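Now for the letters of each chain:
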Amino acid sequence: MDPFASLAEAYEAWYETPLGAYVIAEEERALKGLLPPGESLLEVGAGTGYWLRRLPYPQKVGVEPSEAMLAVGKRRAPEATWVRAWGEALPFPDGSFDVVLLFTALEFVEDVGRVLLEARRVLRPGGALVVGVLEALSPWAALYRRLGEKGVLPWTQARFLAREDLKALLGPPEAEGEAVFLAPEAHPPYEEADQAGRRAGNRPALYLGRWR
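Quantities reported herein were computed from a predicted structural model and do not represent experimental measurements.

## Notes on the overall build of the chain
Okay, step 1: Along the chain, the regular secondary structure elements total six helices and seven strands.
Okay, step 2: Helices (α) and strands (β) of the chain occur, in sequence order from the N terminus, as α-β-β-α-β-β-α-β-α-α-β-α-β.
Okay, step 3: The globule rule puts the C-alpha radius of gyration for 212 residues at 17 Å, and the 16 Å found for the chain is close to it.
Okay, step 4: Taken along its principal axes, the extent of the C-alpha atoms in the chain is 45 × 35 × 30 Å.
Okay, step 5: Within the span of the chain, comprising 212 residues, buried residues form 53% of the whole.

Here you go:
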């Protein structure tokens, strides 16, 4: 079953709400702060192509297993090359890309370890693997778990990783980033709510790491 089949067309709509706009801007700031320069980018689990449209790499490839998301992605990010494939079996030779990005994609794969091995396999020597996860110990992951328990897609099929899980799989990152400390029910001004979340010791909604 494709948990995104009924969600693809409206998948980015939340980014147009006041809270969604704040959250995605914070996530974009954190992501762009970690991405290195390079000629070629592969995004595994590229979804609707949101990041492929915004990241300035001359050669961009999006891999997406969901037919519905892939169709939207091809339409919205035609500048990228799109391939329907799964992260566990990437259809590319060894050493094909300068940067491989997995942005909140590991939550929905079958075999996290295999996906990370494949991502590293297709990196060129010295290339960068950038991984972003929905922090398992954050208030946002608590919300998404509850939604999954209630049968809300796509969270019924999600798993959540903490930064400690990624470090156990990949070793210490060469750089880290994080974003969105406010709670899912925060009220504006969101900057103040985010600062309050930091002071309260919240784990961020998004953790990012970069590995070579």
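## Some details on the packing of aromatic side chains
Okay, step 1: Applying the stated criterion to the full structure yields 14 aromatic pairs.
Okay, step 2: Aromatic pair phenylalanine 4 and tyrosine 11: ring centres 5.9 Å apart, planes at 75°, arrangement edge-to-face.
Okay, step 3: An aromatic cluster is present here, built from Phe4, Tyr11, Trp14, Tyr15, Tyr50, Trp51, Phe103, Phe108, Trp140, Tyr144, Trp155 and Phe160 joined pairwise through their rings.
Okay, step 4: The ring of tyrosine 50 carries the charged tip of arginine 54 above its face, separated from the ring centre by 3.6 Å.

## A look at the UniProt feature "domain: Methyltransferase type" (unreviewed entry) in the chain
Okay, step 1: UniProt records the feature "domain: Methyltransferase type" (unreviewed entry) for residues 42–131 in the present numbering.
Okay, step 2: With 22% helix and 30% strand, residues 42–131 has end C-alpha atoms that lie 12 Å from one another.

## Focus on the pairing of strand E6 (residues 175–179)
Okay, step 1: The side-chain alternation of E6 yields one buried face, formed by Ala175, Gly177 and Ala179, and one unburied face, formed by Glu176 and Glu178.
Okay, step 2: Sheet topology note: the E6/strand E7 (residues 206–211) ladder contains five bridges and is antiparallel. The partner of alanine 175 across the bridge, within E7, is arginine 210.

Rules and cut-offs
Residues numbered from 1 in each chain as written. Predicted model: local features only at pLDDT ≥ 70, side-chain atom pairs only at ≥ 80, totals over all residues. Heavy atoms only, no water. Helix = DSSP H or I, 4+ residues; strand = E, 2+ residues; numbered from the N terminus. Rg over C-alpha atoms; globule rule 2.2 N^0.38 Å. Buried < 20%, exposed > 50% of the residue type's maximum accessible area, 1.4 Å probe, protein only. Phe/Tyr/Trp six-rings, centres within 6.5 Å; stacked < 30°, edge-to-face > 60°. Lys NZ or Arg CZ within 6 Å of the ring centre and 35° of its normal. UniProt positions renumbered as here; feature names shortened; annotations may be inferred. Pairing = 2+ DSSP bridges.

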